[in-house]
Amino acid sequence: MLCDRCQKRPAQVHFTQVINNTKKQMSLCSTCAAEMQAESLGGLPQLNLHDFLAGLINHHFTGNQIQTKSLPQVSCEKCGATEAQVAKSGLFGCSECYSQFGQGVQPLLKRIHGSSQHTGKVPRRTGGKAIIAKEIRILKGQLQEAIRQEEFEKAAGVRDRIKDLEQQLQ
Amino acid sequence: MSLRETVSNPYSKWLDASGPESDVIISSRVRIARNLVGYPFPHLLGYDNADKILYAVQSAIESAAIKEIVGQLELSRMTELSPTERQILVEKHLISPDMLEQPEKRGVVLSADEVIDIMINEEDHLRIQCLLPGLQLKECWDLANKVDDGMEQILDFAFAEDMGYLTSCPTNVGTGLRASVMLHLPALVMTQQINSILTTLSKLGLTVRGLYGEGTQATGNLFQVSNQVTLGLTEDEIIDNLIMVAKQLVTQERTARLALYKEQQYPIEDRVWRAYGLLKYARSITSTDTMNLLSDMRLGVDLNIIPNIPRGLIMELIVMTRPAFLNKLKGEDLNPAQRDIFRATLIREKLNSLS
Ligand SMILES: [Zn+2]
Ligand SMILES: [Zn+2]
């Protein structure tokens, strides 16, 4: 089935729009769904997030946009959540699911957030290497700034510190 | 203040209308989602495991780390509260309506001033929230961050180096941070600028929804604006973005108010005084009417049309006149018609006590 809006890409998402109290059902590709969602934000209840996720997950897990029914049943070894359950509820079963469901997850996150790399807070006690990685990111910013300001002595110091940290990472 | 008092007192710190930009921004909220390693997320959590998480949080808030960093916190299981009391926590925005289902699995941690609030076993194991009046997003984040620091010394949070904090819904992963402001935008609604503003905000990656109301018909002209993206930005970036947008909305709303008042002085004054009159003398009034009239009255207060009404009182009336709170105040379950009468009585008493 093709997307009702662009008639080009395959439909993955059921989109319900409420205009003047009448419900309008559409089947959309994820691109059009995202655009419609942005456009219609004036009229608040729009896209069902779970349908949206279901579309994305199915798409990425199978690599096949059309056949969502003949999915191979992948499930999380830790919590037992199946792919179908995740797609239906829009929720992962446990924190292990993120690695268990593998390849599909990164593109999914990218689609939702425009990024798949965390740059924020790292837990101090259990953050491990992420703490160092974060510090390196911050220092790299400072290095650029120092170079821009032509503070080369400072830049050299920052560069040394980055080298130290990068060694710790290995 | 104990939880008992929380559910019997309509006043919350976030209502006191004393914060910065409080003529437009009612309150600021920051919520961070955290999950414990080794347990399924709440929607797959059995009773035993739900219980273990409640115990783990209990021991964390009793720890020296939390007491030192944050102070005294109190955990209540949902089952310790009556259904009316649970509903009141929802009406005060301290817990989400989802917390009312399967109360056996859920609990809430509150600080005495109701500024810190942790929902346990909602969509994630912990949802640490801070709620302050006016535009105080930075202050909210600092506080939530501190609570998280303290909790983290005791609890092992699920975290991946690349994806950040792991949450039940992938829309929260990364920072797990949802920051929001509640705004009162009557002039932008009246001048019909609101829809184009909402569209613009959505393009900036922000979510807008009406508070209490459904869809675009935001009851009482109250809107909540929050960040959508939680991954790929730092917490400070998310907070700063939202502050920038909130300040812009404050400017636009103030400009619209002044222009509106200048161009249509009598219609506006009439509208404000009619609202005041209805609220002060009505004998029966619905919840939706109340919200809309309180919004008009508040606009009158902000434009100095009506003197001597504290903004805090208006916010207190909004919470106090919600259905569950009325039942609690009356001490019995009222039917809708009885509630409308009791609501009108209560508002009359409050407004008459001022003059
Ligand atoms: Zn399309
Ligand atoms: Zn799992």
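Basis of the calculations
- Residues numbered from 1 in each chain as written.
- Chains lettered and ligands numbered in written order.
- Predicted model: local features only at pLDDT ≥ 70, side-chain atom pairs only at ≥ 80, totals over all residues.
- Heavy atoms only, no water.
- Pairing = 2+ DSSP bridges.
- Helix = DSSP H or I, 4+ residues; strand = E, 2+ residues; numbered from the N terminus.
- Axes fitted to C-alpha atoms, helices over the stretch in contact; angles between N-to-C directions.
- Contact = heavy atoms within 4.5 Å.
- Donors = N, O, S within 2.8 Å, 3.2 Å for Na, K, Ca; no water.
- Tetrahedral: all angles 85-135°; square planar, octahedral: opposite > 155°, others 65-115°.
- Buried < 20%, exposed > 50% of the residue type's maximum accessible area, 1.4 Å probe, protein only.
- 1 Å grid on protein atoms, 1.4 Å probe; cavity = no way out; pocket = protein on both sides within 12 Å on 5 of 7 lines; lining within 4 Å.
- Points joined across faces, edges and corners; volume = space filled by probe spheres on them.
- Nonpolar A, V, L, I, M, F, W, Y, C, P; charged D, E, K, R; others polar.
- Domains from an automatic or database assignment.
- Parallel < 35°, antiparallel > 145°, perpendicular 65-115°, else oblique.
- UniProt positions renumbered as here; feature names shortened; annotations may be inferred.
- Polar contact = N/O pair within 3.5 Å; in protein donor to acceptor, adjacent residues only side chain to side chain.
- Buried area = accessible area lost by both parts, 1.4 Å probe.
- Salt bridge = Lys/Arg side-chain N within 4 Å of Asp/Glu carboxyl O.

A look at the sheet that holds strand 3 (residues 107–111) of chain B
One key point about sheets: their strands pair by backbone hydrogen bonds, in either a parallel or an antiparallel sense. All names here are of chain B. If you walk across this open sheet you meet the eight strands as 2-3-4-5-1-8-10-9, and the pairing is antiparallel. Because the sheet does not close on itself, it has two edges, and the strands there are strand 2 (73–77) and strand 9 (206–210). Sheet twist, expressed as the average angle between the axes of neighbouring strands with direction ignored, equals 20°. Bridge analysis of strand 1 (residues 25–34) against strand 8 (residues 177–184) gives seven bridges, and the strand direction is antiparallel. Considered in strand 8, the bridge of Ser28 is made with Val181. With respect to the sheet, helix 7 (residues 194–203) is in contact with strand 9 and strand 10 (222–227), its orientation differing from that of strand 9 by roughly 145°. Set on the sheet, helix 8 (residues 235–263) makes contact with strand 1, strand 8, strand 9 and strand 10; between it and strand 8 the angle comes to about 10°.

Concerning the coordination of the zinc ion (ligand 2)
All names here are of chain A. All of the protein donors around the zinc ion (ligand 2) are Cys76 (SG), Cys79 (SG), Cys94 (SG) and Cys97 (SG); their distances to the metal are 2.3 to 2.4 Å. One can describe the donor arrangement at the zinc ion (ligand 2) as tetrahedral, given that its four donor atoms subtend angles of 101 to 123° at the metal. Since its relative accessible area comes to 0%, Cys97 is described here as buried.

Examining empty space enclosed by the protein
All names here are of chain B. A complete count under the given rule lists two cavities of 30 Å³ or more for this structure. Ile26, His184, Gly220, Leu222, Met291, Leu294, Ser295, Arg298, Ile314, Met315 and Ile318 are the residues that line the largest cavity. When residues of the lining of the largest cavity are traced back to their parent elements, those giving at least two are helix 10 (287–302) and helix 11 (311–320). Its residues assigned to classes, the lining of the largest cavity shows seven nonpolar, three polar and one charged. Both domains that meet at the lining of the largest cavity, namely domain 1 (3–254) and domain 2 (264–352), each give it at least three residues. In this structure, the second largest cavity encloses a volume near 50 Å³. In this structure, the second largest cavity is lined by Ser27, Ser28, Arg29, Leu131, Ser180, Val181, Met182 and Gln224. Mapped by element, the contributors of at least two residues to the lining of the second largest cavity are strand 1 and strand 8.

Remarks on the packing of helix 12 (residues 323–330) of chain B against helix 13 (residues 336–352) of chain B
Residue and element names in this part refer to chain B. In the contact formed by helix 12 and helix 13, the axes pass within 10 Å of each other and the chain directions differ by 75°. Comparing their axes, helix 13 and helix 12 come out roughly perpendicular. Of the residues in helix 13, those touching helix 12 at Pro323, Leu326, Asn327, Leu329 and Lys330 are Arg339, Phe342, Arg343 and Leu346. Residues of the contact of helix 12 with helix 13, tallied by class, amount to five nonpolar, one polar and three charged.

Comments concerning the UniProt feature "domain: UVR" (unreviewed entry) in chain A
Per the UniProt record, the feature "domain: UVR" (unreviewed entry) sits at residues 133–168 of chain A. Each end of residues 133–168 of chain A is marked by a C-alpha atom, and these two atoms are 10 Å apart; helix forms 92% of the span and strand 0%.

Overview of the side chain of Ser76 of chain B
All names here are of chain B. On the secondary structure map, Ser76 appears in strand 2. Ser76 gets classed as buried once you look at its relative accessible area, which sits at 4%. Beyond its immediate sequence surroundings of up to four residues, Ser76 is in contact with Leu3, Gly107 and Val108.

Overview of the environment of His113 of chain A
Position of His113 of chain A relative to the elements: it lies in helix 5 (residues 105–113). Accessibility expressed as a relative area gives 6% for His113 of chain A, which makes it buried. Not counting chain neighbours up to four residues away, the residues in contact with His113 of chain A comprise Pro170, Thr171, Asn172, Val173, Gln228, Val229, Thr230 and Leu231 of chain B. Among the polar contacts made by the side chain of His113 of chain A, one reaches the main-chain carbonyl oxygen of Pro170 of chain B at a distance of 2.9 Å. Separated by 3.1 Å, the side chain of His113 of chain A and the backbone nitrogen of Thr230 of chain B make a polar contact.

Side note on the environment of Leu91 of chain A
As for its position among the elements, Leu91 of chain A is in the loop between helix 3 (83–89) and helix 4 (97–100). If near-sequence neighbours (up to four positions away) are discounted, Leu91 of chain A is found in contact with Val86 of chain A together with His43, Glu123, Ser168 and Cys169 of chain B.

A few points about the interface of chain B and chain A
On the side of chain A, 41 residues touch chain B, which itself brings 51 residues to the contact. Where chain B abuts chain A, roughly 3600 Å² becomes buried across the two surfaces, and 61% of that area is made up of carbon and sulfur atoms. Together, Glu152, Pro170 and Leu231 of chain B form the three largest contributors to the area buried by chain B at its contact with chain A, with a combined 16%. Across the contact surface, chain B and chain A share three salt bridges. One salt bridge in this structure joins Lys121 of chain A and Asp148 of chain B, with 2.7 Å as the shortest N-O distance. Linking chain B to chain A there are 15 residue pairs in polar contact (both at pLDDT 80 or more). Of all elements in the fold, only helix 5 (137–154), strand 7 (164–165), helix 7 and strand 9 of chain B reach the threshold of two or more residues within the side of chain B that touches chain A. Considering each element in turn, the side of chain B that touches chain A owes the most residues, seven residues, to helix 5 of chain B.

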